[in-house]
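# Chain and residue survey
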Amino acid sequence: MNRRRFTWAAVCAFFGVAVLMFLRFFFPRTLFEPSPRFRIGQPSDFQPGVDERFRQSHRVWVVRQPEKLFVIFARCTHLGCTPNWSETENKFKCPCHGSGYDMEGRNFEGPAPRPMDRAHVELDAEGQVVVDLSRLYACPPSGGCGFEQAESFVTLSGTRS
Ligand code: FES
(Lines give C-alpha, C1' and ligand atoms only; values in the text may rest on other atoms or scores of the structure.)
Protein backbone atom coordinates (compact mmCIF):
# COMPACT_ATOMS: atom_id res chain seq x y z
CA MET A 1 0.00 0.00 0.00
CA ASN A 2 2.78 2.39 0.87
CA ARG A 3 4.54 1.60 -2.36
CA ARG A 4 1.39 2.40 -4.33
CA ARG A 5 1.05 5.76 -2.57
CA PHE A 6 4.66 6.55 -3.20
CA THR A 7 4.31 5.72 -6.90
CA TRP A 8 1.26 7.96 -7.28
CA ALA A 9 2.98 10.76 -5.41
CA ALA A 10 5.98 10.49 -7.74
CA VAL A 11 3.77 10.45 -10.84
CA CYS A 12 1.77 13.47 -9.61
CA ALA A 13 4.96 15.34 -8.77
CA PHE A 14 6.37 14.60 -12.22
CA PHE A 15 3.28 15.86 -14.01
CA GLY A 16 2.96 18.80 -11.65
CA VAL A 17 6.50 19.95 -12.51
CA ALA A 18 5.82 19.35 -16.21
CA VAL A 19 2.70 21.56 -16.04
CA LEU A 20 4.63 24.29 -14.22
CA MET A 21 7.39 24.18 -16.84
CA PHE A 22 4.77 24.40 -19.59
CA LEU A 23 3.13 27.44 -17.96
CA ARG A 24 6.53 29.10 -17.57
CA PHE A 25 6.75 29.41 -21.37
CA PHE A 26 3.91 31.95 -21.28
CA PHE A 27 6.10 34.34 -19.25
CA PRO A 28 9.25 34.82 -21.35
CA ARG A 29 12.33 36.26 -19.74
CA THR A 30 12.46 39.81 -21.05
CA LEU A 31 14.76 42.66 -20.24
CA PHE A 32 12.97 45.96 -19.78
CA GLU A 33 15.47 48.61 -20.79
CA PRO A 34 14.81 52.34 -20.57
CA SER A 35 13.54 53.97 -23.74
CA PRO A 36 16.36 55.20 -26.01
CA ARG A 37 14.39 58.44 -26.36
CA PHE A 38 13.99 60.60 -23.26
CA ARG A 39 13.72 64.21 -22.11
CA ILE A 40 16.42 65.78 -19.96
CA GLY A 41 14.97 69.23 -19.26
CA GLN A 42 15.39 72.76 -20.55
CA PRO A 43 18.79 73.88 -21.88
CA SER A 44 18.84 76.46 -19.08
CA ASP A 45 18.77 73.62 -16.52
CA PHE A 46 22.41 72.90 -17.30
CA GLN A 47 25.44 74.80 -16.08
CA PRO A 48 28.44 75.28 -18.38
CA GLY A 49 30.59 72.16 -18.46
CA VAL A 50 29.89 68.45 -18.12
CA ASP A 51 26.71 67.32 -16.37
CA GLU A 52 26.69 63.75 -15.03
CA ARG A 53 23.03 63.56 -13.96
CA PHE A 54 22.10 61.05 -16.66
CA ARG A 55 25.20 58.89 -16.64
CA GLN A 56 23.81 56.18 -14.36
CA SER A 57 20.32 56.06 -15.80
CA HIS A 58 21.04 56.55 -19.53
CA ARG A 59 24.84 56.36 -19.92
CA VAL A 60 25.22 59.89 -21.26
CA TRP A 61 26.84 63.16 -20.29
CA VAL A 62 25.27 66.47 -21.15
CA VAL A 63 27.83 69.08 -22.17
CA ARG A 64 26.93 72.75 -22.21
CA GLN A 65 29.20 75.19 -23.98
CA PRO A 66 28.69 78.95 -24.47
CA GLU A 67 26.93 78.49 -27.80
CA LYS A 68 25.50 74.99 -27.73
CA LEU A 69 24.52 71.89 -25.79
CA PHE A 70 25.22 68.32 -26.85
CA VAL A 71 25.04 64.82 -25.38
CA ILE A 72 27.96 62.37 -25.37
CA PHE A 73 27.22 58.65 -25.27
CA ALA A 74 29.49 57.34 -22.48
CA ARG A 75 31.09 54.44 -24.32
CA CYS A 76 34.82 54.29 -24.96
CA THR A 77 35.54 53.80 -28.66
CA HIS A 78 38.36 51.36 -27.90
CA LEU A 79 36.50 48.37 -26.42
CA GLY A 80 33.35 49.88 -25.00
CA CYS A 81 34.08 50.57 -21.32
CA THR A 82 32.41 53.52 -19.62
CA PRO A 83 34.91 56.34 -19.03
CA ASN A 84 34.83 58.63 -15.99
CA TRP A 85 34.66 62.40 -16.03
CA SER A 86 37.44 64.06 -14.06
CA GLU A 87 36.58 67.65 -13.19
CA THR A 88 40.07 68.36 -11.85
CA GLU A 89 41.82 67.05 -14.97
CA ASN A 90 39.11 68.40 -17.25
CA LYS A 91 38.92 65.19 -19.24
CA PHE A 92 37.16 61.85 -19.59
CA LYS A 93 39.41 58.95 -18.63
CA CYS A 94 38.70 55.34 -19.50
CA PRO A 95 39.51 52.99 -16.59
CA CYS A 96 40.09 49.97 -18.84
CA HIS A 97 43.14 50.88 -20.94
CA GLY A 98 43.69 54.55 -20.23
CA SER A 99 42.18 56.38 -23.18
CA GLY A 100 41.61 60.07 -22.55
CA TYR A 101 39.03 62.35 -24.12
CA ASP A 102 38.64 66.10 -23.84
CA MET A 103 35.44 67.82 -22.73
CA GLU A 104 34.00 67.46 -26.24
CA GLY A 105 34.64 63.70 -26.15
CA ARG A 106 37.55 63.86 -28.60
CA ASN A 107 40.27 61.28 -27.98
CA PHE A 108 43.79 62.56 -27.36
CA GLU A 109 45.58 59.76 -25.48
CA GLY A 110 45.52 55.99 -25.22
CA PRO A 111 44.30 53.39 -27.70
CA ALA A 112 40.87 54.89 -28.50
CA PRO A 113 40.71 55.28 -32.30
CA ARG A 114 38.17 58.10 -32.45
CA PRO A 115 35.99 60.43 -30.36
CA MET A 116 33.04 59.14 -28.36
CA ASP A 117 29.70 59.22 -30.18
CA ARG A 118 27.12 61.94 -29.69
CA ALA A 119 23.39 61.39 -29.42
CA HIS A 120 20.70 62.95 -31.51
CA VAL A 121 19.18 65.91 -29.64
CA GLU A 122 16.25 68.16 -30.44
CA LEU A 123 13.90 70.54 -28.70
CA ASP A 124 10.26 69.53 -28.32
CA ALA A 125 7.28 71.88 -28.39
CA GLU A 126 7.78 72.76 -24.72
CA GLY A 127 11.43 73.64 -25.21
CA GLN A 128 12.66 70.47 -23.50
CA VAL A 129 15.76 68.77 -24.81
CA VAL A 130 14.91 65.32 -26.18
CA VAL A 131 17.76 62.81 -26.49
CA ASP A 132 17.53 59.86 -28.89
CA LEU A 133 20.18 57.20 -28.30
CA SER A 134 18.97 55.15 -31.25
CA ARG A 135 20.56 57.83 -33.46
CA LEU A 136 24.24 58.33 -32.69
CA TYR A 137 26.68 60.57 -34.54
CA ALA A 138 30.22 59.30 -34.94
CA CYS A 139 33.42 61.08 -35.87
CA PRO A 140 35.57 58.49 -37.67
CA PRO A 141 39.29 59.21 -38.23
CA SER A 142 38.68 58.83 -41.95
CA GLY A 143 36.60 62.03 -41.95
CA GLY A 144 32.92 62.80 -42.38
CA CYS A 145 32.48 63.80 -38.76
CA GLY A 146 28.83 63.64 -37.69
CA PHE A 147 29.38 66.26 -35.00
CA GLU A 148 28.83 68.96 -37.62
CA GLN A 149 25.30 67.75 -38.28
CA ALA A 150 22.73 70.08 -36.81
CA GLU A 151 20.88 67.23 -35.07
CA SER A 152 23.90 66.42 -32.90
CA PHE A 153 23.48 69.57 -30.79
CA VAL A 154 21.09 72.37 -29.92
CA THR A 155 22.09 75.98 -29.85
CA LEU A 156 21.37 77.79 -26.64
CA SER A 157 19.16 80.29 -28.39
CA GLY A 158 16.89 77.31 -29.03
CA THR A 159 17.45 77.16 -32.75
CA ARG A 160 19.62 75.01 -34.92
CA SER A 161 22.60 76.62 -36.61
S1 FES B 1 38.01 50.32 -23.47
FE2 FES B 1 38.57 52.35 -23.06
S3 FES B 1 40.68 52.37 -23.39
FE4 FES B 1 40.14 50.35 -23.81
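Shown above is the structure to which this text applies.
Calculation rules
- Residues numbered from 1 in each chain as written.
- Predicted model: local features only at pLDDT ≥ 70, side-chain atom pairs only at ≥ 80, totals over all residues.
- Heavy atoms only, no water.
- Pairing = 2+ DSSP bridges.
- Helix = DSSP H or I, 4+ residues; strand = E, 2+ residues; numbered from the N terminus.
- Salt bridge = Lys/Arg side-chain N within 4 Å of Asp/Glu carboxyl O.
- Buried < 20%, exposed > 50% of the residue type's maximum accessible area, 1.4 Å probe, protein only.
- Core = buried A, V, L, I, M, F, W, Y, C linked by side-chain atoms within 4.5 Å.
- Contact = heavy atoms within 4.5 Å.

## As for the sheet that holds strand E8 (residues 107-109)
- Pairing in this open sheet of 4 strands is antiparallel, and the strands run E5-E6-E7-E8 from one edge to the other. Each of the sheet's edge strands pairs with one partner strand only, and the pair in question is strand E5 (84-86) and E8.
- Of the strand pairs in this sheet, E5 and strand E6 (residues 91-93) are connected by 3 bridges, and their pairing is antiparallel. Bridge assignment links Trp85 to a residue of E6, and that residue is Phe92.

## Focus on the pattern of salt bridges
- Under the counting rule described, the total for this entry stands at 12 salt bridges.
- One salt bridge connects Glu89 with Lys91, and the closest N-O pair in it is separated by 3.9 Å.
- Residue Arg114 pairs with Asp117 through a salt bridge whose shortest N-O separation is 2.6 Å.
- Relative accessible area serves as the criterion here: at 7%, Asp117 is assigned to the buried category.
- One salt-bridge network, held together by shared partners, links Glu89, Lys91, Lys93 and Glu109.

## Things to note about the nonpolar core
- Counting 15 residues, the largest nonpolar core has Ile40, Val60, Val62, Val71, Val131 and Leu133 as the members making the most contacts within it.
- Leave out the neighbours within four places in its chain, and Val60 touches Phe38, Phe54, Arg55, Val71, Ile72, Phe73, Ala74 and Leu133.
- Listed in part, the 14 residues of the second largest apolar core include Val50, Trp61, Met116 and Phe153.

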